[in-house]
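Chain by chain, the residues run as shown.
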Amino acid sequence: MKMILDLDTGIDDAFALAYAIAHPDIELIGITGTYGNVTVEQGMANTQALLELLGQPEIPVYAGATVAGFEVSEASARIHGADGVGNVDIAAEKADSAGDAVEFLIASAAKYGEDLVVVPTGAQTTLARALEQDETLRSIRMVSMGGALTVPGNVSPAAEANISQDPHSSNTVYQLAEDMTMVGLDVTMQTQLTRAEADSWRGSAAGDVFADMAGDYIDAYQDNNPHMEGCALHDPLAVAVAADPDLVDCLILPLQVDTEGPTIGRTIGRWEGTDVETRVAVGVDVDTFVPDFIDKLAQLFGRLAQSR
Ligand code: BDR
Ligand code: CA
């Protein structure tokens, strides 16, 4: 399958990128840059530096939309580091855009049709604009990381971080995307990477960088969630579900996002006002996904070390 990742790169976005590159069933045709953990520019620079590290510098990165006045929150900087990648040294200074992300999404939908899957793992502003402009894109398969249906949010009791960046756009996305699976905190908080597992990647340039990033992310998780043994694998789980939908059990609901009031940013099933339904993941096969994720990254890092 052809895949487009919409990333706010971010440590777990970096994991998603590596997992997509490592996965034999996925051909990553491009990255669109969004915001959240970092600005669009910082995220694109991080993505390009990581693509270089992972031996795929030719994959194009497209500039997505942002919102006026966006600033990285204190919590994001604490969790992902001021540069978004745990302050590891990957020389992510400058971003070169291959073009406009909305145009790339629309052109890819026309070109690849049902072979394409779009996986947004940050703020959904760009995707909403593209869906508003293009009907073909509405029928494309999508798997989004974001939201929380049966568990509390992580930026407020109601809201998950990606949805809370731009609740209006996310509401548009879930109203227009006709083939959408939501992979939210309901399932991603069950998939965890421990320090020992991340340290098993060490021994190559890329493996060391990813183990360092994971270490930083796990430190932040232990401050915020002392009951957890590691960090959550939010964004890579969305990639895994795109490759293997059977990894999750879903409720099928007309999903909407609250755009005002005390529950702003909440994802909720609500029948009035829409006839588009979303598959919302509420159960996940942790024992299949987590070892596969660790293993595929280890194999990728091993192959890269041998080819240098
Ligand atoms: C989501 O928010 C971001 O911090 C992560 O990269 C992930 O996409 C988790 O709520
Ligand atoms: Ca993300």
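Cut-offs and rules
Residues numbered from 1 in each chain as written. Chains lettered and ligands numbered in written order. Predicted model: local features only at pLDDT ≥ 70, side-chain atom pairs only at ≥ 80, totals over all residues. Heavy atoms only, no water. Core = buried A, V, L, I, M, F, W, Y, C linked by side-chain atoms within 4.5 Å. Buried < 20%, exposed > 50% of the residue type's maximum accessible area, 1.4 Å probe, protein only. Helix = DSSP H or I, 4+ residues; strand = E, 2+ residues; numbered from the N terminus. Contact = heavy atoms within 4.5 Å. Pairing = 2+ DSSP bridges. Donors = N, O, S within 2.8 Å, 3.2 Å for Na, K, Ca; no water. Axes fitted to C-alpha atoms, helices over the stretch in contact; angles between N-to-C directions. Parallel < 35°, antiparallel > 145°, perpendicular 65-115°, else oblique. Left-handed = near helix turned anticlockwise from the far one by under 90°. Near = heavy atom within 4 Å. Polar contact = N/O pair within 3.5 Å; in protein donor to acceptor, adjacent residues only side chain to side chain. Areas by Shrake-Rupley, 256 points an atom, 1.4 Å probe, with all protein chains shown as cover. 1 Å grid on protein atoms, 1.4 Å probe; cavity = no way out; pocket = protein on both sides within 12 Å on 5 of 7 lines; lining within 4 Å. Sits in = over half its atoms within 2 Å of the grid points. Phe/Tyr/Trp six-rings, centres within 6.5 Å; stacked < 30°, edge-to-face > 60°.

Right, let's get into the nonpolar core. Counting 73 residues, the largest nonpolar core has Met3, Leu5, Phe15, Leu193, Trp201, Phe210 and Phe293 as the members making the most contacts within it. Ranked by residue count, the leading element in this core is helix H1 (residues 11–22), at ten residues. In this view, phenylalanine 15 contacts Leu193, Trp201, Phe210, Ala214, Tyr217, Cys231, Leu233, Pro236 and Phe293; residues no more than four positions away in its chain are not counted. Counting residues in hydrophobic clusters, the runner-up holds 27 residues, among them Leu105, Ala109, Met142 and Leu255.

To continue, consider unusual backbone geometry. Look at the link from threonine 9 to glycine 10: it is a cis peptide, with omega at 15°. Along the chain, the position of glycine 10 falls in the loop between strand S1 (2–7) and H1. The phi angle at asparagine 87 is positive, at roughly 60°, despite the residue not being glycine. Here asparagine 87 is to be found in the loop between helix H3 (74–80) and helix H4 (101–112).

Time to look at the pairing of strand S6 (residues 179–183). Taking burial as the measure, the five residues of S6 include four buried ones, the bulk of the element. The pairing of S6 with strand S12 (residues 278–284) spans two bridges and is classified as parallel. In the strand pairing of S12, methionine 182 is matched with valine 280.

Glancing now at the coordination of the calcium ion (ligand 2). Protein coordination of the calcium ion (ligand 2) is provided by Asp8 (OD), Asp13 (OD), Asp13 (OD), Thr121 (O) and Asp235 (OD), with donor distances spanning 2.3 to 2.6 Å. Each donor residue of the calcium ion (ligand 2) belongs to the same chain, and together they define the spacing D-x4-D-x107-T-x113-D. Within this pair, whereas aspartate 13 is found in helix H1, its partner aspartate 235 is found in helix H12 (residues 234–243), the two being separated by 222 residues in sequence. Aspartate 235 carries the same exposure label as aspartate 13, and that label is buried.

Where H1 contacts H12, the two axes come as close as 6 Å, and the packing angle between them is 30°. Regarding the angle of H1 to H12, the classification is roughly parallel. Note that H1 runs across H12; the crossing there is right-handed. Here H1 contributes Asp12, Asp13, Phe15, Ala16, Tyr19 and Ala20 to the contact with H12, which in turn contributes His234, Asp235, Pro236, Val239 and Ala240.

The next thing to look at is the site of ligand 1. Around ligand 1, the neighbouring residues are Asp12, Asp13, Asn37, His80, Thr121, Met145, Asn154, Glu160, Ala161, Asn162, His234 and Asp235. In this structure, aspartate 12 approaches ligand 1 through a side-chain N or O atom, which is 2.5 Å from an oxygen atom. With respect to ligand 1, the side chain of glutamate 160 contributes an N or O atom lying 2.4 Å from an oxygen atom. For ligand 1, whose free accessible area comes to 280 Å², the fraction covered by protein is 94%. Comparing atom positions with the cavity grids shows ligand 1 to sit within the largest pocket. Mapped onto the shell around ligand 1, the elements with two or more residues apiece are H1, helix H7 (161–165) and H12.

Take the environment of proline 167 next. Tracing the backbone shows proline 167 in helix H8 (residues 167–176). For proline 167, a relative accessible area of 10% translates into the label buried. Sequence separation between proline 167 and glutamate 260 is 93 residues, and the spatial gap between their C-alpha atoms is 8.6 Å. Each residue touching proline 167, except ones within four places of it in the same chain, is listed here: Val257, Asp258, Thr259, Ile264 and Gly265.

Per the counting criterion, the structure on display carries 13 aromatic pairs. Ring plane angle 70° and centroid distance 6.0 Å describe the contact between phenylalanine 15 and tryptophan 201, whose orientation is recorded as edge-to-face. Linking phenylalanine 15 in helix H1 with tryptophan 201 in the loop between helix H10 (195–199) and helix H11 (205–224), this pair joins segments that are 186 residues apart in sequence. One exposure class covers both phenylalanine 15 and tryptophan 201, and it is buried. Plain terms: the ring middles of tryptophan 201 and phenylalanine 301 are 5.7 Å apart, the flat faces sit at 80° to each other, and that makes the pair edge-to-face. Here the residue tryptophan 201 occupies a position in the loop between H10 and H11, and phenylalanine 301 occupies one in helix H13 (residues 286–307), the gap between them amounting to 100 residues. Three or more aromatic residues joined by ring pairs make a cluster, and in this case those are Phe15, Tyr19, Trp201, Phe210, Tyr217, Tyr221, Phe289, Phe293 and Phe301.

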